[in-house]
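Structural characterization, general
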Amino acid sequence: MTLKGRDIISFFDFSREEVEYLFRRADELESLRRGETLNVANGKIVAVIFFEPSTRTRLSFTMAVKRLGGDVLDFGEVQRTSVAKGETLADTIKMIDGYKVDLIVLRHPSEGASKLAAEFAEAPVINAGDGSREHPTQTLLDLYTIWREFKHIDNLNIGIMGDLKYGRTPSSLSYGLSLFSNVKIYYIAPEILQIREEVLEMVERKIRYEKIEKLQDAINELDVLYVTRIQKERLPNPEEYEKLKGLYTVTPSSLEGCKENLIVMHPLPRVTELSPEVDSTKHARYFQQAVNGMVIRAALIKEILGLEG
Amino acid sequence: MSEIGEGRKPKTVKIDEGTLIDHVSAGKALKILKVLKAKEGAVILALNVPNEEIKVKDVVELRKRYLKEEEKIKVALLSPTATISTVKNHVAGPGEKIEIPNHLVDILKCPNPKCITNKEREPVKTSFTVINRKPLKIKCDYCDKIVKEEEIEKLL
Ligand SMILES: [Zn+2]
């Protein structure tokens with residue numbers, strides 16, 4: 001199996017075999033978690049081009065490259081540079097690609113921007129977010145966190161809770177889970193924030209699902225509880241927000257009756273939907289999730305660059 | 001490519017040279033003219049003509065005008081029943097029914113304003129993939145936006 005030279009535009013570019021292969025390769029990078037730096041990417045330069053701010057994703061990619069021993073060419077705040085002068089994305093990409101960088105990591109507000117970039121760049125391109133769609137390494141890190149815990153994803157019961165309608169994570173996680181078999185998703189949300197039909201249409205032949213309003217109705221079934229934030233501006237009025245905020249906050253007591261090995265995930269940053277008391281329970285995995293993100297990105301970059309060791 | 005109905009036998013038309021678009025779904029003729037940017041005076045129209053196969057049809061004759069491949073596809077997107085034939089000396093050749101290809105490149109705009117293909121000056125052609133034929137559903141290759149048959153008309 002080889003991912004060498006591949007553009008990573010959409011999560012759908014991966015097969016299940018490739019995803020699981022990446023998970024195993026990521027597990028081999030255990031030393032990165034101890035703060036070690038490998039020297040496998042010596043002399044390699046990765047261009048990190050972010051046309052909109054996303055500090056966490058950018059840090060994660062930068063750390064991944066540096067931990068592999070490679071160098072990062074960071075384009076800085078693009079808004080303040082060339083785009084302000086009206087440069088097209090195609091021109092920016094051609095210019096960077098002309099430096100013969102080994103890989104381009106791109107975040108851009110236009111949907112489909114990374115596909116366009118891949119058409120103009122000789123170097124492979126990783127989509128780090130374009131517009132409102134999923135970005136493949138986010139889905140990869142969420143699935144990797146689950147896989148790392150259970151060593152499989154088939155047959156698991158996954159609860160996804162919060163703003164399922166407008167949030168980016170619930171839909172992309174659903175698509176990601178649909179690569180596996182016999183997964184059941186519990187969509188836990190008030191009616192007005194329930195998962196969109198178009199998402200269900202895409203996954204319903206591959207997964208089983210149930211829409212429920214209360215976490216209590218499924219807590220004993222869940223292997224994974226993925227909590228997401230409910231945003232105030234998505235709701236008709238502040239009173240509604242205050243009401244839902246309380247109902248959709250996870251605390252140690254809302255986890256009562258759960259399976260022994262339930263894991264709780266969250267994309268971070270959190271606000272009030274996940275109480276800090278959950279941090280000290282054996283179920284919390286959200287801080288590991290961030291580390292897993294760096295490790296799986298490192299594994300992916302290593303494969304795309306075809307690095308040995 | 002296939003032929004239907006009267007397209008098989010030679011048909012006499014009003015224009016001397018040009019293109020005959022027959023079996024147009026009733027009501028679509030004017031839209032076809034608009035999309036093809038047909039010049040006034042070079043067009044002969046027959047609207048709501050009774051027809052055995054599609055009940056009523058519109059017929060468009062274009063004088064001294066021959067359609068490019070992408071224009072034929074646009075006609076087919078507006079009216080899947082349409083047949084296109086070349087006219088010589090007032091006689092129309094065999095009617096060609098246009099098969100909509102699996103990939104539509106530079107044919108229609110993407111309705112998603114955030115799509116990169118709608119970004120000014122970006123050197124990119126729109127590109128769609130057919131994901132369903134009946135009813136027609138196409139997907140933008142850049143932003144994944146799904147466009148339904150009835151929405152296509154205003155994007156040509
Ligand atoms: Zn589009």
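These numbers come from a predicted model, not from an experiment.

1. Looking at the domain arrangement of chain A
All names here are of chain A.
- With domains assigned, chain A is organised as domain 1 (11-134 + 293-304) and domain 2 (136-290).
- One C-alpha centre belongs to domain 1, the other to domain 2; they are set 27 Å apart.
- Opposite the 30 residues of domain 1 that make contact, domain 2 presents 25 residues.
- Looking at the side of domain 1 facing domain 2, the largest losses of area belong to F11, R16 and F23, adding up to 29% of the total buried there.
- Where domain 1 touches domain 2, the interface holds four salt bridges.
- For E30, the salt bridge identified is with R148, shortest N-O distance 3.5 Å.
- On the surface where domain 1 and domain 2 come into contact, there are ten residue pairs in polar contact (both at pLDDT 80 or more).
- It is helix α1 (residues 16-27) that provides the largest number of residues to the side of domain 1 that touches domain 2, a total of eight residues.
- Across the side of domain 1 that touches domain 2, the residue classes break down as 13 nonpolar, six polar and eleven charged.

2. Structural notes on the sheet that holds strand β3 (residues 103-108) of chain A
All names here are of chain A.
- If you walk across this open sheet you meet the four strands as β2-β1-β3-β4, and the pairing is parallel. In the strand order of this sheet, the two ends are held by β2 (71-74) and β4 (125-130), each with one partner. Between one strand axis and the next, the sheet turns by 15° as a mean value, whatever way the strands run.

3. Describing the coordination of the zinc ion
Residues and elements named next belong to chain B.
- Listed as protein donors to the zinc ion are C110 (SG), C115 (SG), C140 (SG) and C143 (SG); their distances from the metal cover 2.3 to 2.4 Å.
- Viewed at the metal, the four donor atoms of the zinc ion are separated by angles of 100 to 117°, and the geometry they form is tetrahedral.
- The sequence pattern formed by the donor residues of the zinc ion is C-x4-C-x24-C-x2-C. Residue C110 shares its accessibility class with C115, and that shared class is buried.

4. Some remarks on the sheet that holds strand β8 (residues 103-105) of chain B
Residue and element names in this part refer to chain B.
- What the four strands build is an open sheet, ordered β8-β9-β10-β11; its pairing is antiparallel. Strands at the two margins of the open sheet, each flanked by one partner only, are β8 and β11 (146-148). Looking at each pair of strands side by side, their axes are set apart by 30° on average, direction ignored.

What counts and how
Residues numbered from 1 in each chain as written. Chains lettered and ligands numbered in written order. Predicted model: local features only at pLDDT ≥ 70, side-chain atom pairs only at ≥ 80, totals over all residues. Heavy atoms only, no water. Domains from an automatic or database assignment. Contact = heavy atoms within 4.5 Å. Buried area = accessible area lost by both parts, 1.4 Å probe. Salt bridge = Lys/Arg side-chain N within 4 Å of Asp/Glu carboxyl O. Polar contact = N/O pair within 3.5 Å; in protein donor to acceptor, adjacent residues only side chain to side chain. Helix = DSSP H or I, 4+ residues; strand = E, 2+ residues; numbered from the N terminus. Nonpolar A, V, L, I, M, F, W, Y, C, P; charged D, E, K, R; others polar. Pairing = 2+ DSSP bridges. Axes fitted to C-alpha atoms, helices over the stretch in contact; angles between N-to-C directions. Donors = N, O, S within 2.8 Å, 3.2 Å for Na, K, Ca; no water. Tetrahedral: all angles 85-135°; square planar, octahedral: opposite > 155°, others 65-115°. Buried < 20%, exposed > 50% of the residue type's maximum accessible area, 1.4 Å probe, protein only.

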